[in-house]
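Examination of the molecular architecture
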Amino acid sequence: MAQSVLQALQAVLPAESPFIALHEPQFEGNEWLYVKECLDTRWVSSVGKFVDRFEEELASYTGAARAVAVVNGTAALHVCLMLAGVEQGDEVLIPALTFIATANAVSYCGAVPHFVDSDERTLGLDPAKLCDHLAENTEMRRGECYNRRTGRRIKAVVPMHTFGHPVELDMLCEVCARYGLVLVEDAAESLGSYYKGRHTGNRGLCSAFSFNGNKTITTGGGGAILTNDQELGRLAKHLTTTAKLPHRWEFAHDQVGYNYRMPNVNAALGCAQLEQLDGFLANKRALAEKYREAFAGVSGVRFVEEPTFARSNYWLNVLLLDRCAAGERDKVLELTNSAGVMTRPAWTLMHKLPMFANCPRMELDAALDLEARLINIPSSAFLGGSLV
């Protein structure tokens, strides 16, 4: 089967390339021009017109009321959890199948990750299983949810839109309302993805996006906090700019803040990338369609498509081996990578990592199953064609 997977990939990917990365950026717009302007004017650091422009255009694109640009997606999620009222000793519900940044951000607050199972349709957090888990293991005290076993308050839930595929948000919002949980979206991978016609990141109290070099658009390193609460957006901006009070010369700060500001030179790169986002997304959908067709006749594996209720950005394309072929995963990884086609397995589940091994968790049967069978394949936008 490994050979069949490689042949299907090679039928889609350019034959002349000796190495094809999993996801790499594309710079065919105004990147050089905007970055040069920063250098020429010497506005390269934490303030400048491109920071303001990037925040405004990101909010406009996603439909959010406010966007706050920060240094990376993990910093964005850290501040989102603070805005949600997560405190030391709380528990925060997150998927076990996620990038480590989700769990790390919880830990930055002094809180404890509580791991939740996944849904094979979305690859993300399963709201139905979560609801059953909370019914069996928690109790409500004065409108707040508490873990019966640990005695800790469960304050928030953080779904992650895995590889750009939106989770089932309507059902999750119902669970949050029933149990008094704050919803914070880890939308790091989902710029350009829509849940029932609405851009991801708009259903929770706030959300975090990432613009790392391997994302759909990049600022080099960077992230953003999105919210539809203007006052919360103002507070996010204040916290991420060292909580400094405005003054022409004095250095006055009114609380512990964070130097999470996105530099102007990075925002300049982001503005140029946003101008090309529609083309990137069109190409990524075209690539996904090529993969769907190429793997339609390959036995033992299927190409993962967007959920029926969503429009995905197909950030990272996913193959899922049949359960009977799960033992072939490492053979596929070895053969493809040896042939110069970069493929990767899913992240190691969070509860398997030493620092999170003793954290509370529900039964994780689906996450374990997905971890054993999932393979990411090359997903750069230019692989789908030239920009449109």
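Residues numbered from 1 in each chain as written. Predicted model: local features only at pLDDT ≥ 70, side-chain atom pairs only at ≥ 80, totals over all residues. Heavy atoms only, no water.

1. What to know about the nonpolar core
If you look at the biggest cluster of nonpolar residues, it comprises 72 residues, and the most contacted ones within it are Val92, Leu130, Leu134, Val157, Leu181 and Ile225. Ignoring any residue separated from it by four or fewer positions in sequence, one finds Val157 in contact with Leu93, Leu125, Leu130, Leu172, Cys176, Leu181, Val182, Leu183 and Val184. Residues Leu58, Ala69, Met262 and Ala272 belong to the second largest nonpolar core, which totals 27 residues. (Core = buried A, V, L, I, M, F, W, Y, C linked by side-chain atoms within 4.5 Å. Buried < 20%, exposed > 50% of the residue type's maximum accessible area, 1.4 Å probe, protein only. Contact = heavy atoms within 4.5 Å.)

2. So, the side chain of Lys155
As for its position among the elements, Lys155 is in strand S6 (residues 153–157). Beyond its immediate chain neighbours, meaning those up to four positions away, Lys155 contacts Ala84, Gly85, Val86, Asp90, Glu91, Glu144, Gly180, Leu181 and Val182. (Helix = DSSP H or I, 4+ residues; strand = E, 2+ residues; numbered from the N terminus.)

3. Some remarks on the state of the cysteines
A full pass over the atoms with the stated rule returns zero disulfides. With no disulfide of its own, Cys38 lies closest to Cys271 among cysteine sulfurs, the gap being 8.8 Å. Overall, Cys38 belongs to the buried group, its relative accessible area being 1%. As a non-bridged cysteine, Cys359 has Cys109 as the owner of its nearest cysteine sulfur, 14 Å distant. (Disulfide = S-S within 2.5 Å.)

4. Considerations on the sheet that holds strand S16 (residues 374–377)
Within the open sheet, the four strands sit side by side as S12-S14-S16-S15. Their pairing is antiparallel. Each edge of the open sheet is held by one strand with a lone partner, namely strand S12 (301–303) and strand S15 (344–345). Of the strand pairs in this sheet, S12 and strand S14 (residues 317–321) are connected by three bridges, and their pairing is antiparallel. Counterpart to Phe303 in the pairing with S14 is Leu319. (Pairing = 2+ DSSP bridges.)

5. Quick look at the packing of helix H4 (residues 73–83) against helix H5 (residues 100–108)
Two elements in contact, H4 and H5, have axes whose closest approach is 9 Å; the angle formed by their N-to-C orientations is 45 degrees. Here H4 is positioned oblique relative to H5, judged by the angle of their axes. Crossing handedness for the pair H4 and H5: right-handed. Contact residues: H4 offers Thr74, Leu77, His78 and Leu81, while H5 offers Ala101, Thr102, Ala105, Val106 and Tyr108. In terms of residue class, the contact of H4 with H5 is built from six nonpolar, three polar and no charged. (Axes fitted to C-alpha atoms, helices over the stretch in contact; angles between N-to-C directions. Parallel < 35°, antiparallel > 145°, perpendicular 65-115°, else oblique. Left-handed = near helix turned anticlockwise from the far one by under 90°. Nonpolar A, V, L, I, M, F, W, Y, C, P; charged D, E, K, R; others polar.)

6. A closer look at helix H12 (residues 365–373)
Every buried residue of H12 is listed here: Ala366, Ala367, Asp369, Leu370, Glu371 and Arg373. Tucked into the core, H12 has its buried residues touching helix H6 (127–137), S14, helix H11 (329–338) and S16.

7. Some remarks on the pairing of strand S4 (residues 138–141)
Note: S4 against strand S5 (residues 144–147), four bridges, orientation antiparallel. From the neighbouring strand, Met140 faces S5, where its bridge partner is Cys145. From the end of S4 to the start of S5, which pair antiparallel, there are two residues, and Arg142 there has a positive phi angle of about 50 degrees.

8. As for helix H2 (residues 31–41)
Those residues of H2 lying buried are Glu31, Tyr34 and Cys38. What you see down the axis of H2 is that its buried residues fit within an arc of 85 degrees, all on one side. Turned more than 90 degrees away from the buried face of H2 sit Trp32, Leu33, Leu39 and Asp40, all of them exposed. Two residues or fewer after H2 comes Arg42, characterised by a positive phi angle close to 70 degrees. (Arc of directions from axis to C-beta.)

9. A word on the sheet that holds strand S8 (residues 194–195)
Here we have three strands laid out as an open sheet, ordered S9-S8-S13, and antiparallel in their pairing. This sheet does not close on itself; its edge strands, each paired only once, are strand S9 (198–199) and strand S13 (310–311). In this sheet, S13 lies alongside S8 in antiparallel orientation, the contact comprising two bridges. Following the sheet pairing, Tyr194 is matched in S13 by Arg311.

10. Description of the environment of Arg311
Relative to the helices and strands, Arg311 resides in strand S13. Ignoring any residue separated from it by four or fewer positions in sequence, one finds Arg311 in contact with Gly192, Ser193, Tyr194, Arg285 and Glu306.

11. Considering the environment of Gly270
Along the chain, the position of Gly270 falls in helix H9 (residues 264–274). Residue classification places Gly270 among the buried residues on the basis of a relative accessible area of 0%. Each C-alpha atom of the pair Gly270 and Thr219 lies 4.7 Å from the other, and the pair is 51 residues apart in sequence. When near neighbours in sequence (up to four residues on either side) are disregarded, Gly270 contacts Phe54, Ile217, Thr218 and Thr219.

12. Some thoughts on the environment of Glu136
Note that Glu136 resides in helix H6. By relative accessible area, which is 58% here, Glu136 ends up exposed. For the pair Glu136 and Asn264, spaced 128 residues apart in sequence, the C-alpha to C-alpha distance is 49 Å.

13. Side note on the packing of helix H1 (residues 2–12) against helix H10 (residues 277–295)
Relative placement of two packed helices is described by the angle separating their axes and the distance separating the axes. Remark: H1 packs on H10, axes separated minimally by 9 Å, with the N-to-C direction vectors making an angle of 140 degrees. On the basis of the axis angle, H1 is oblique to H10. H1 and H10 meet at a crossing whose hand is right-handed. Note on element contacts: H10 touches H1 through Leu287, Lys290, Tyr291, Ala294 and Phe295, opposite Val5, Ala8, Leu9 and Val12.

14. Quick word on the packing of aromatic side chains
Using the criterion set out here, one finds 10 aromatic pairs in the structure. Note on Tyr258 and Tyr260: the rings are 5.2 Å apart at their centroids and 25 degrees apart in plane angle, and the pair reads as stacked. For Tyr258, a relative accessible area of 22% corresponds to the partly exposed category. Tyr260 sits in the buried class, given a relative accessible area of 17%. Between Phe303 and Tyr314, the aromatic rings sit 6.2 Å apart at their centres with planes inclined by 15 degrees, giving stacked as the arrangement. (Phe/Tyr/Trp six-rings, centres within 6.5 Å; stacked < 30°, edge-to-face > 60°.)

The values reported here are purely geometric and, on their own, carry no functional implication.
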